[in-house]
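# Secondary and tertiary structure notes
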Amino acid sequence: MSITFSLQSLKLSCPFLHGSTSLSHLSKPNSSLSQQPLKSPAFLPPIRAMKSMQGRVVCATNDKTVSVEVVRLAPHPKYKRRVRKKKKFQAHDPDNQFKVGDYVQLEKSRPISKTKAFIAVPVPTRNVKREKEEKGELGIPLESDQPQEQQA
């Protein structure tokens with residue numbers, strides 16, 4: 001009796017807690033009592049993997065299949081400069097509507113074949129090259145655009 005009483009009265013402290021907490025608080029919790037599922041906060045959306053990508057069609061010779069090259073920027077492992085990384089994916093094109101050079105969006109789907117797990121969806125083309133105006137780059141009309149005066 002005296003031994004158990006002396007052990008209960010003796011409070012051990014951990015050095016990393018500066019003696020503020022007894023050792024009984026640091027023991028493992030009972031598995032049957034404290035097994036409650038951890039709930040994620042309601043305001044955070046669930047983490048989802050990338051489901052769609054954009055790329056350029058590089059091969060359209062197969063029936064109902066296009067090969068799409070996706071370009072992404074990734075830092076170089078040693079020099080930390082952003083370099084282009086290219087990867088080709090096979091995508092399903094049910095109507096054979098895409099030609100080489102078209103920009104498409106790849107939507108994740110169920111596996112269609114051994115290598116195809118994406119469906120190609122058209123993307124509106126971007127106007128990368130703007131048409132130059134009739135005037136020169138500085139806004140001054142070019143000499144060739146001037147009406148020529150006939151001299152007698």
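Residues numbered from 1 in each chain as written. Predicted model: local features only at pLDDT ≥ 70, side-chain atom pairs only at ≥ 80, totals over all residues. Heavy atoms only, no water.

## Looking at the overall build of the protein
- Looking only at helices and strands, one finds 1 helix and 5 strands in the protein.
- Reading the secondary structure of the protein in the N-to-C direction produces α-β-β-β-β-β.
- Looking at the protein as a whole, 16% of its 152 residues are labelled buried.
- Taking the contacts inside the protein whose residues are at least 6 apart along the sequence as the reference set, 42% of them involve residues at least 24 apart.
- If you sum the accessible surface of the protein, you get close to 14,400 Å²; carbon and sulfur atoms cover 54% of it. (Helix = DSSP H or I, 4+ residues; strand = E, 2+ residues; numbered from the N terminus. Buried < 20%, exposed > 50% of the residue type's maximum accessible area, 1.4 Å probe, protein only. Contact = heavy atoms within 4.5 Å. Areas by Shrake-Rupley, 256 points an atom, 1.4 Å probe, with all protein chains shown as cover.)

## Quick notes on the pattern of salt bridges
- Evaluated as defined, the whole model comprises 1 salt bridge.
- One salt bridge in this structure joins glutamate 69 and arginine 56, with 4.0 Å as the shortest N-O distance. Of this pair, glutamate 69 sits in strand 2 (residues 65-75) while arginine 56 is found in strand 1 (residues 52-59), placing the two residues 13 residues apart along the sequence.
- Judged by relative accessible area, which is 33%, arginine 56 ranks as partly exposed. (Salt bridge = Lys/Arg side-chain N within 4 Å of Asp/Glu carboxyl O.)

## Concerning the sheet that holds strand 2
- Spatial ordering of the closed barrel is given by 1-2-3-5-4, a layout of 5 strands whose pairing is mixed. Across the sheet, the axes of successive neighbouring strands diverge by a mean angle of 50°, strand direction being ignored.
- Across 5 bridges, the pairing between strand 1 and strand 4 (residues 103-108) is antiparallel. Its bridge partner lying in strand 4, methionine 53 is registered against leucine 106. (Pairing = 2+ DSSP bridges. Axes fitted to C-alpha atoms, helices over the stretch in contact; angles between N-to-C directions.)

## Quick look at the packing of aromatic side chains
- A full pass over the atoms with the stated rule returns 1 aromatic pair.
- Ring plane angle 70° and centroid distance 5.3 Å describe the contact between phenylalanine 89 and phenylalanine 118, whose orientation is recorded as edge-to-face. Of this pair, phenylalanine 89 sits in strand 3 (residues 82-92) while phenylalanine 118 is found in strand 5 (residues 116-122), placing the two residues 29 residues apart along the sequence. Of the two residues, phenylalanine 89 and phenylalanine 118, neither departs from the other in class, the shared state being buried.
- A cation sits over an aromatic face here: lysine 108 above phenylalanine 118, 5.2 Å from the ring centre. (Phe/Tyr/Trp six-rings, centres within 6.5 Å; stacked < 30°, edge-to-face > 60°. Lys NZ or Arg CZ within 6 Å of the ring centre and 35° of its normal.)

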